[in-house]
Amino acid sequence: MRESVQAEVLMSFLVSEELSFRIPVELHYEMGDPYAVRMTFHLPGDAPVTWTFGRELLLDGINTPSGDGDVHISPTEPEDLSDVHIRLQVGEDHALFRVSAAPVVAFLDRTDRLVPLGQERTLGDFEGSLEEALGRILAEENAG
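Along each chain, the written sequence defines residue order, and numbers are assigned to residues from 1. Per-residue local features are limited, in this predicted model, to residues with pLDDT of at least 70; the limit for side-chain atom pairs, both in listing and counting, is 80 or more; totals at the level of whole chains, interfaces and linings are taken over all residues. For the side-chain quantities, the full set of heavy atoms in the structure was used; hydrogens and water were omitted.

1. Re the overall build of the protein
Here is step 1 of the chain: Helix and strand counts for the protein stand at three helices and seven strands.
Here is step 2 of the chain: Helix numbering and strand numbering both begin at the N terminus, where a helix is a DSSP run of H or I of at least 4 residues and a strand a DSSP run of E of at least 2. Mapped in sequence order, the helices and strands of the protein form the string β-β-β-β-α-β-β-β-α-α.
Here is step 3 of the chain: Relative accessibility decides the category of a residue: with a 1.4 Å probe and only protein chains considered, values under 20% of the type maximum give buried, values over 50% give exposed, and everything between is partly exposed. Counting only residues that meet the buried cut, the protein has 33% of its 144 residues in that class.
Here is step 4 of the chain: Here, residues are in contact when the closest pair of their heavy atoms is within 4.5 Å. Within the protein, contacts between residues separated by at least 24 positions form 36% of all contacts whose residues are at least 6 apart in sequence.
Here is step 5 of the chain: Carbon and sulfur atoms make up 50% of the accessible area of the protein, which totals about 8900 Å². For every accessible area listed, the method is Shrake-Rupley and the probe measures 1.4 Å; residues are considered covered only by the protein chains on display.

Structure below.
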């Protein structure tokens, strides 16, 4: 049985109103982390950067402005399923991307066939694995 879903899409990195360029972005979803989607951005001249956020946030953002904190996703035209804006922020710095909704919807459809929305908790001991991972992260922070 397949345990992950991957796709590559081209997104426009909107540097300003006058300047944008297209970059490849890898979308990745794994059964082992059923609530999360990973996006790896390949910006020219920089090492790839991966952002992880909720699968439901991506799904919700296709139809309506969604997100709190560092990730905001919204349709460019709320009445038309055409493009989606993804805004990523770290402190005062932010990056804005635009992507066609169609490949994102296709990717999410494939994730739903792997793990249907709402069925994430049925995958083994997810809460135990989460506690273990958080314990490792806290131990690393306290050691450093």
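2. A short note on the pattern of salt bridges
Here is step 1 of the chain: Any Lys or Arg side-chain nitrogen found within 4 Å of a carboxyl oxygen on Asp or Glu counts as a salt bridge. One pass over the structure, following the stated rule, counts four salt bridges.
Here is step 2 of the chain: A salt bridge links Arg 38 to Asp 33; the shortest N-O distance between them is 2.7 Å.
Here is step 3 of the chain: Under the relative-accessibility criterion, Asp 33 is labelled partly exposed at 22%.
Here is step 4 of the chain: The closest approach of N and O atoms between Asp 83 and Arg 98, which form a salt bridge, is 2.8 Å. Placement of Asp 83 in strand S6 (residues 83-90) and of Arg 98 in strand S7 (residues 93-100) is noted, with a sequence separation of 15 residues between them.

3. Some thoughts on the side chain of Arg 55
Here is step 1 of the chain: Looking at where Arg 55 falls in the secondary structure, it is placed in helix H1 (residues 55-63).
Here is step 2 of the chain: Ignoring any residue separated from it by four or fewer positions in sequence, one finds Arg 55 in contact with Tyr 29, Pro 34, Tyr 35, Ala 36, Val 37, Leu 108, Thr 111, Asp 112, Val 115, Pro 116, Leu 117 and Glu 120.

4. A look at the sheet that holds strand S4 (residues 49-54)
Here is step 1 of the chain: When DSSP finds two or more bridges between a pair of strands, those strands are recorded as paired. Taken in spatial order, the seven strands line up as S4-S3-S2-S1-S7-S6-S5 in an open sheet, and their pairing is antiparallel. In this open sheet, the two edge strands, each paired with only one partner strand, are S4 and strand S5 (71-75). The average angle at which neighbouring strand axes cross in this sheet is 30 degrees, direction not considered.
Here is step 2 of the chain: With four bridges joining them, strand S2 (residues 20-30) and strand S3 (residues 36-41) adopt antiparallel strand pairing. Among the inter-strand pairings, Leu 27 is bridged to a residue of S3, identified as Met 39.
Here is step 3 of the chain: Only the stretch in contact is used when fitting a helix axis, every axis being a line fitted to C-alpha atoms; angles between N-to-C directions are given from 0 to 180 degrees. This element, H1, spans S2, S3, S4, S5 and S6 of the sheet and lies at about 35 degrees to S5.

5. Thoughts on the pairing of S3
Here is step 1 of the chain: Counting buried positions over the six residues of S3 gives five, a clear majority of the element.
Here is step 2 of the chain: Counted between consecutive antiparallel strands, the loop separating S2 from S3 contains five residues.
Here is step 3 of the chain: Direction of pairing for S3 relative to S4: antiparallel, over a ladder of six bridges. Residue pairing for S4: Val 37 is matched across the bridge by Phe 53.

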